[in-house]
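# Architecture and fold: a report
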Amino acid sequence: MKKIVLVMAMILLLFGNNFDKYFSYAQNYYWLTLDEGIKSSVYFKAKKYINLAYEELKKEPNKENQKKLDSLNKELNNFYKIKSLTMDGYFPMLRFISTSFFFFPKKSRQHTLQKPADFIAVENASETLTENIDIDNQTHVFFNTPNPIWNEIAFEKFNSHGDYYAHLTQEIVEVLNDKELAQFYTNNITPTIVNKLLNYTNKEKICIVNLTKTPLEVSDLYFTAYGNVYEKDAEIEKEDSAVTFGYSIDERGKWPILITSHILLLLIVLIATLILVKKQNQKLSLFVVVFIGFMVGRILPWVLVPSLETFMPNGDLNVLYTFWWVFLIGLAIILAPIYGMNYIYAKIQNYISLPSISGKGGIIGFSISAGVAGYLFVPFIFTYGDVLSLVQIIGYFSLFIVALLLSGYASGKILDKSDKTEEYYLIVFVFTSVMLFVGLIHTDLMWLSVSSIITIIISIIILKLRKKEIKKDIKKVEIKEDIEKSILGQNYYQFKFYDEISKNIGIKK
């Protein structure tokens, strides 16, 4: 009999209608999209569950369900249209651009690489709730979420806020009996419970905070926080009460790909350095130089970008009014570390004896760009890690890396004072740096592919032009040496224009 029941249950799970579940998920992800923005992981999940809900309706048509699903789909599409031409909508990756392994700016604090997602979600919900309850003379707050850890997190947020007096769980145990405690933690707030808590605090009002977890995918946590203000006999003060939500997207599963990507980038730099050491008989100390370069490229943008974010335009502005800031950020991340290497290296040399970097501009620019690629991979994986397949992520970002490393190598040679590469080429790389950055953060990844290919072609052309210039310089030197030998030879007849020719070609007597 038990086997038959189990088989029936499995059949129901396989063939039962899941419309309500999918619609609930789609609705919840829609609310998150309003905060995260279009082209975010939650936006694509909202679209996914709307499509799944439509599939369920095909199996079992229902006019009422069709109507509410169409309404939700329309709302999501309208939100997309409104946001598509704003800076946040056009450049979805910008909100993570100053994110690092251990620092999350306010705009991306919902994403976590460290704490469990439920910690972040409860913190966000509780913090927002402290700002929305209509407080009166240091309102006393109690917490009745069944999970004691969530209560503790909420307690810390309210306790740190000077306008609330938060009560610990053990205090409630002293006031209520076992039956009342059971009712309290199932959010069945009776007049007796309220009156006892009012007497305990000797106040006319108390606030009871309850946190409810909303069903979403495993890596996403969404909490609704209710802050109900009660008067005598369990009367709720609706005007004083508040409802907020907090969520978190668990990014801890991305640690392996983040660490692997940085190791691979550093290996590419070390292999390129090894080839250069063997080919040009460079000293092994070059490895120290390129490692410093890699670290400069990885860390300096993290220092520069937050300072530039202080005058960041409003994300809801039309994208046409914000391009200037996007260009500026692109230059700060991609080109500034290469330009600033001489200054940083000189400062380090004040404390530590280091080898000279003169004449090593190309490989240093290459290593700095590898560090920059590591920095930019963090916001890239946060934006597209749950949207693209692993093959797509590797494909798009590998193309970007090749373009970045080539342009970094060429830019490094230009900025190296001992290298004779013409400095006016730098204007070209100002353009390619901006173009690469815009392509990376743009909502359409086709821009990334096109800008990367253009940058690769331009970098190769400039490096080949430089190679031709070097060959010309070598020929000039050889011709000069041949003429000098001929003129200074014993059998050479010094005709009347001898002195003038010698002077013009720079031959000393």
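Residues numbered from 1 in each chain as written. Predicted model: local features only at pLDDT ≥ 70, side-chain atom pairs only at ≥ 80, totals over all residues. Heavy atoms only, no water.

## Considerations on the overall build of the protein
Within the protein one finds 19 helices and seven strands. Sequence-distant contacts in the protein: of pairs separated by 6 or more residues, those separated by 24 or more amount to 70%. Approximately 27300 Å² of the protein is accessible, and the part contributed by carbon and sulfur atoms is 60%. (Helix = DSSP H or I, 4+ residues; strand = E, 2+ residues; numbered from the N terminus. Contact = heavy atoms within 4.5 Å. Areas by Shrake-Rupley, 256 points an atom, 1.4 Å probe, with all protein chains shown as cover.)

## Focus on the packing of helix 12 (residues 286–308) against helix 14 (residues 336–349)
The contact between helix 12 and helix 14 brings their axes to 10 Å, and the two run at 115 degrees. One finds that helix 12 runs roughly perpendicular with respect to helix 14. Between helix 12 and helix 14 lies a crossing of right-handed hand. Listed contacts from helix 14 to Val 289, Ile 292, Gly 293, Val 296, Gly 297, Leu 300, Pro 301 and Leu 304 of helix 12 are Ala 336, Pro 337, Met 341, Ile 344, Tyr 345 and Ile 348. Residues belonging to the contact of helix 12 with helix 14 are distributed by class as follows: twelve nonpolar, two polar and no charged. (Axes fitted to C-alpha atoms, helices over the stretch in contact; angles between N-to-C directions. Parallel < 35°, antiparallel > 145°, perpendicular 65-115°, else oblique. Left-handed = near helix turned anticlockwise from the far one by under 90°. Nonpolar A, V, L, I, M, F, W, Y, C, P; charged D, E, K, R; others polar.)

## Description of helix 13 (residues 323–334)
Side chains of residues three or four places apart in an α-helix project in the same direction, reflecting 3.6 residues per turn. For helix 13, which comprises twelve residues, the first-to-last C-alpha distance of 16 Å matches the rise-based estimate of 16 Å (1.5 Å per residue) to within 8%. Buried residues in helix 13 make contact with helix 5 (87–90), helix 12, helix 14, helix 15 (361–384), helix 16 (390–415) and helix 17 (426–441). (Expected span 1.5 Å × (residues − 1).)

## Quick word on unusual backbone geometry
Not every positive phi belongs to a glycine, and Asn 187 is a case in point at roughly 60 degrees. Here Asn 187 is to be found in the loop between helix 9 (178–185) and helix 10 (191–201). At Asn 202, a residue that is not glycine, the phi angle is positive and equals roughly 60 degrees. Its place among the elements puts Asn 202 in the loop between helix 10 and strand 4 (206–214).

## A short note on the pairing of strand 5 (residues 220–231)
Burial within strand 5 is extensive, with nine of its twelve residues counted as buried. Judged from the nine bridges that link them, strand 4 and strand 5 form a sheet pairing that is antiparallel. Paired with Asn 210 across the strands is Tyr 226, a residue of strand 5. Bridge analysis of strand 5 against strand 7 (residues 242–250) gives eight bridges, and the strand direction is antiparallel. Bridge pairing in strand 7 places Thr 224 opposite Phe 245. (Buried < 20%, exposed > 50% of the residue type's maximum accessible area, 1.4 Å probe, protein only. Pairing = 2+ DSSP bridges.)

## Let's talk about the pairing of strand 7
Most of strand 7 is tucked away: seven of the nine residues are buried. Alignment of strand 1 (residues 111–112) against strand 7, held across two bridges, turns out to be parallel. Counterpart to His 111 in the pairing with strand 7 is Ile 249.

## A few points about the nonpolar core
Most often, soluble globular proteins have nonpolar side chains that are buried together. Judged by nonpolar contacts, the single largest core of 69 residues is most densely connected at Phe 91, Leu 94, Ile 97, Ile 333, Leu 376, Phe 380 and Phe 437. Per-element tally for this core: the top contributor is helix 15, with 15 residues. Each residue touching Leu 376, except ones within four places of it in the same chain, is listed here: Met 93, Ile 97, Ile 333, Phe 397, Phe 400, Phe 437 and Leu 440. Ala 121, Phe 143, Tyr 164 and Leu 221 belong to the second largest nonpolar core, which has 23 residues in total. (Core = buried A, V, L, I, M, F, W, Y, C linked by side-chain atoms within 4.5 Å.)

## A few points about the environment of Gly 365
Here Gly 365 lies in helix 15. C-alpha separation for the pair Gly 365 and Gly 293, spaced 72 residues apart in sequence, amounts to 7.5 Å. Those residues in contact with Gly 365 that lie beyond four places of it in its chain are Ile 338, Gly 408, Tyr 409 and Gly 412.

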